[in-house]
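Summary of the model geometry
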Amino acid sequence: SNRICVAIDGPAGAGKSTVAKLVARKLGLLYIDTGAMYRAVTLKALRQGLNLDDADALTNLARETTIKLLPGLQQSVLLDGEDVTEEIRSSEVTRHVSTVAGVPGVREVLVNRQRQMAGETDVIMDGRDIGTVVLPRATAKFFLTASAEERAQRRAKELADKGYTVDIDKLTKEIQERDYKDSHRAVSPLVPAGDAIIIDSSGMTIEEVVDNIISWIEKSK
Ligand code: C5P
């Protein structure tokens, strides 16, 4: 088929969502933020006071949860119909999401839904395992990275713009911890796909990264 599906993977704070949204708008693709899906399940588990070591309970929870990603710049996330767009970015969810995302059953449920979405329309999907697991036959695969310090700086700016006060050292540490967990888990660890184009965005502007990605996609079609 000539369906376009683009995979963007990489560590936390590399700018994947910013870049993916812009590429989506320019090329008319649907942007799918898979991290938001893991965050939504994590939020629900925390609210229910589930034991995050209980893989079966988390898998069942994922199965019986409806997650809707509304298209558009706002990228609203509906958890069982409730708008949780802001709440899934809380530091509590951020601290626990890698644990929930390490549960194979949870991944199986969400990966199936992600593949289904990609089958319905042209998409650009960002996450950790899109090129390796979710869309192994993607039109083009990118692995976007940047130094941990630069990623922490960017996240700090993002949070500051929203009016939050941030401790940059704490942020750097949290990013490094999440990278470590995401890269060392048994199922679908964060690694570039063999055929991914690796882009280190340290010192690059957003526009440069976007243009670079678009030219690769045009070549791969
Ligand atoms: O992309 P974001 O930082 O919002 O993702 C939150 C967490 O969800 C990641 O740290 C990772 O643990 C998990 N995740 C994942 N696979 C994906 C997307 C996110 O394991 N495809």
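Cut-offs applied
- Just so you know, the residues in each chain are numbered from 1, in the order the chain's sequence is written.
- Given that this is a predicted model, residues contribute local features only at a pLDDT of at least 70 and side-chain atom pairs are listed and counted only at 80 or more, while totals for whole chains, interfaces and linings are drawn from all residues.
- By convention in this description, side-chain values take in all heavy atoms of the structure and omit both hydrogens and water.
- UniProt positions are given in the numbering used here, feature names are shortened, and annotations may be inferred rather than shown by experiment.
- Going along the chain from the N terminus, every DSSP run of H or I of four or more residues is numbered as a helix, and every run of E of two or more is numbered as a strand.
- When at least one non-hydrogen atom of a residue lies within 4 Å of a molecule or strand, that residue is treated as near it.
- In the analysis that follows, any N or O atom pair within 3.5 Å is treated as a polar contact, provided that within protein one partner can donate a hydrogen and the other can accept it, and provided that, for residues neighboring in sequence, both atoms belong to side chains.
- Every accessible area reported is derived by Shrake-Rupley at a probe size of 1.4 Å, with residue values counting cover from the shown protein chains alone.
- When residues are sorted by character, Ala, Val, Leu, Ile, Met, Phe, Trp, Tyr, Cys and Pro go into the nonpolar class, Asp, Glu, Lys and Arg into the charged class, and all the rest, Gly among them, into the polar class.
- Contacts are assigned to residue pairs that have any heavy atoms within 4.5 Å of one another.
- We call two strands paired when DSSP finds no fewer than two bridges between them.
- Throughout, an axis means a line fitted to C-alpha atoms (over the contacting stretch in the case of helices), and angles, computed between N-to-C directions, take values from 0 to 180 degrees.
- The cut-offs for exposure are 20% and 50% of the maximum accessible area for each residue type, with area from a 1.4 Å probe on protein chains only; residues under the lower value are buried, those over the upper are exposed, and the others partly exposed.
- Definition used for salt bridges: Asp or Glu carboxyl oxygen within 4 Å of a side-chain nitrogen of Lys or Arg.

Description of the UniProt feature "domain: Cytidylate kinase" (unreviewed entry) in the protein
- The residues that UniProt annotates with the feature "domain: Cytidylate kinase" (unreviewed entry) are residues 6-218.
- Helix makes up 53% of residues 6-218 and strand 15%, with an end-to-end C-alpha separation of 11 Å.

Thoughts on the site of the ligand
- Arg39, Arg107, Asp129, Arg178 and Asp182 are the nearest of the 15 residues found near the ligand.
- Separating a nitrogen atom of the ligand from a side-chain N or O atom of Asp129 is a distance of 2.8 Å.
- Between the ligand and Asp182 there is a distance of 2.7 Å, counted from an oxygen atom to a side-chain nitrogen or oxygen.
- Taken by itself the ligand offers 460 Å² of open surface, and the protein chains cover 97% of this.
- Among the elements of the structure, helix H2 (34-47), helix H4 (91-101) and helix H8 (168-184) are those that each provide at least two residues to the shell around the ligand.
- No other element matches the four residues that H2 contributes to the shell around the ligand.
- Of the residues belonging to the shell around the ligand, the class tally is three nonpolar, four polar and eight charged.

Here we look at the environment of Val23
- Within the secondary structure, Val23 sits in helix H1 (residues 16-27).
- Residues Val23 and Asp126 lie 103 residues apart in sequence; the distance between their C-alpha atoms is 12 Å.
- For Val23, the residues in contact, after removing those within four places along its chain, are Ile124, Val210, Ile213, Ile214 and Ile217.

Here we look at the environment of Arg155
- Within the element layout of this structure, Arg155 appears in helix H7 (residues 148-161).
- Placed 25 residues apart in sequence, Arg155 and Tyr180 show a C-alpha to C-alpha distance of 18 Å.
- Excluding anything up to four places from it in sequence, Arg155 contacts Gly13, Leu171, Ile175 and Arg178.

Comments concerning the sheet that holds strand E8 (residues 197-200)
- Taking strand neighbours across the sheet as the criterion, the five strands line up as E2-E6-E1-E7-E8 in an open arrangement whose pairing is parallel. Every interior strand has two partners, whereas the edge strands, strand E2 (30-33) and E8, have only one. Recorded for the sheet is a direction-independent mean angle of 20° between the axes of neighbouring strands.
- Pairing analysis gives four bridges linking strand E1 (residues 5-9) to strand E7 (residues 140-145), with the strands arranged parallel. Within the sheet, the bridge partner assigned to Ile8 lies in E7 and is Phe142.
- Contacting E2 and strand E6 (123-127), H2 crosses the sheet at an angle of about 40° to E2.
- Sheet contacts for helix H9 (residues 206-220): E1, E7 and E8; angle to E7, the most-contacted strand, approximately 160°.

Focus: the UniProt feature "binding site: ATP" (unreviewed entry) in the protein
- Per the UniProt record, the feature "binding site: ATP" (unreviewed entry) sits at Gly10, Pro11, Ala12, Gly13, Ala14, Gly15, Lys16, Ser17 and Thr18.
- Mapping Pro11 onto the fold places it in the loop between E1 and H1.
- Pro11 gets classed as buried once you look at its relative accessible area, which sits at 6%.
- If near-sequence neighbours (up to four positions away) are discounted, Pro11 is found in contact with Lys16, Arg128, Phe143, Leu144, Thr145, Arg151, Asp179 and Leu190.
- Inspection of the secondary structure assignment puts Gly15 in the loop between E1 and H1.
- Setting aside residues no more than four positions away along its own chain, Gly15 makes contact with Leu144 and Arg154.

Examining the pattern of salt bridges
- Summed over all chains, the structure comprises 15 salt bridges.
- Between Glu158 and Arg155 there is a salt bridge whose closest N-O contact spans 3.5 Å. Of this pair, Glu158 and Arg155 both sit in helix H7, three residues apart, which is roughly one turn of the helix.
- Taken together, the salt bridges that share partners define one network made up of Arg47, Glu82 and Glu87.

Remarks on the sheet that holds strand E5 (residues 82-83)
- Here we have three strands laid out as an open sheet, ordered E3-E4-E5, and antiparallel in their pairing. Taken across any chain shown, the strands that pair with only one partner, and hence form the sheet edges, are strand E3 (67-69) and E5.

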